[in-house]
Amino acid sequence: MYLFIMKAVILCLCVLLAVAFFTLLERKVLGYMQIRKGPNKVGIWGIVQPLADALKLFIKEKVLLYMSNNLLFIFTPMLGFFVSLSLWNLAPSNMMVNYMIFGLLLFFCLTGLNVYTTALAGWSSNSLYAFLGAIRASAQSISYEVSLVMLLLFPALVSSSMCWFSALHTPPSSLLVFPLLAIWFASSLAETNRAPFDFAEGESELVSGFNVEYEGGLFALLFLAEYTSIIFMSMATTVWFLSSWFTIDFVLITLMICIWFLFARGVYPRYRYDLLMMLCWKSYLPFAISLLLYFCFSIMF
């Protein structure tokens with residue numbers, strides 16, 4: 001029992017440290033893409049900047065909104081952060097916290113809870129801007145969760161396993177159908193509310209979206225949850241679509257996919273919302289269903 005708790009605590013601390021320096025990497029990459037330096041004052045090359053940002057956010061005064069649902073307003077960021085950290089129990093490792101044969105089913109269940117974080121954060125704020133942003137983000141998350149499940153079932157059927165550790169050591173399914181990897185990556189961008197699909201926090205039309213009323217530590221928890229999900233989706237891409245036999249390969253491929261998330265934000269403009277929904281329901285979902293049917297019929301006949 002104590003060993004299990006110790007492993008879980010160490011895992012959470014490692015994930016938090018990775019998220020902190022991933023934000024620094026993002027600001028550095030976007031800075032050089034936009035011909036500027038990014039953070040470079042706090043510590044050597046700005047390496048202490050994430051710790052300074054976290055300290056600033058968490059020591060700010062906590063302000064509760066008048067006429068808001070205070071209990072849900074405080075609880076929702078904690079829920080989102082807890083769900084994002086819980087996903088990391090599925091990370092394949094020789095020192096896994098808990099070995100699960102049907103870990104993919106747990107992944108489907110936990111990712112389905114993300115929409116509650118967005119919806120409750122917007123509703124509990126008692127703000128029209130936040131509520132409008134929450135509705136749009138909820139519709140986006142629900143739509144792309146459907147396509148994500150369908151896309152992820154294909155490598156699960158190819159490897160004949162729903163265990164993350166087993167899928168890591170099988171031949172990469174992306175070699176069979178390469179467009180599947182590109183569609184999965186685009187769906188991951190939409191699911192994690194990243195540019196060019198960042199309608200959940202579209203500053204130009206929604207004044208930061210569902211989290212407009214959050215500040216300080218609660219705001220930090222929401223964005224910690226988002227960046228934790230980004231790194232996890234990069235790791236999931238490596239496990240189910242690219243595979244890896246060695247630890248160093250696994251880490252480098254995951255880091256490369258994380259950088260793809262940053263390049264997508266720096267290169268592409270924000271998409272249009274109706275085109276985003278059409279992309280899911282009229283392109284990605286039919287492709288995923290057709291691929292599954294093809295695989296099933298090929299096995300049967």
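Just so it is clear, the model here is predicted, and its values are computed rather than measured.

1. Description of the packing of helix α6 (residues 128–159) against helix α10 (residues 216–242)
Remark: α6 packs on α10, axes separated minimally by 10 Å, with the N-to-C direction vectors making an angle of 35°. Residues L148, L151, L152, P155, A156 and S159 of α6 form the contact with α10, whose participating residues are M233, W240 and F241. Class assignment of the residues belonging to the contact of α6 with α10 gives a composition of 8 nonpolar, 1 polar and no charged.

2. Concerning the pattern of salt bridges
Counted according to the given criterion, the structure contains 5 salt bridges. One salt bridge in this structure joins R272 and D274, with 2.8 Å as the shortest N-O distance. One salt-bridge network, held together by shared partners, links E26, R194 and R265.

3. What to know about helix α1 (residues 2–33)
With 32 residues, α1 extends 46 Å from end C-alpha to end C-alpha; this agrees with the ideal 46 Å at 1.5 Å per step. Buried residues of α1: V15, V19, A20, F22, L24, E26, K28, V29, L30 and G31, and no others. As for α1, its buried residues are in contact with α2 (49–58), α3 (70–87), α10 and α11 (247–267).

4. Remarks on the side chain of D198
As for its placement among the helices and strands, D198 is situated in the loop between α8 (178–191) and α9 (203–206). Within polar-contact distance, the side chain of D198 engages the side chain of R270 at 2.9 Å.

Definitions and limits used
- Residues numbered from 1 in each chain as written.
- Predicted model: local features only at pLDDT ≥ 70, side-chain atom pairs only at ≥ 80, totals over all residues.
- Heavy atoms only, no water.
- Axes fitted to C-alpha atoms, helices over the stretch in contact; angles between N-to-C directions.
- Helix = DSSP H or I, 4+ residues; strand = E, 2+ residues; numbered from the N terminus.
- Contact = heavy atoms within 4.5 Å.
- Nonpolar A, V, L, I, M, F, W, Y, C, P; charged D, E, K, R; others polar.
- Salt bridge = Lys/Arg side-chain N within 4 Å of Asp/Glu carboxyl O.
- Expected span 1.5 Å × (residues − 1).
- Buried < 20%, exposed > 50% of the residue type's maximum accessible area, 1.4 Å probe, protein only.
- Polar contact = N/O pair within 3.5 Å; in protein donor to acceptor, adjacent residues only side chain to side chain.

Coordinates in, geometry out; function isn't part of it.
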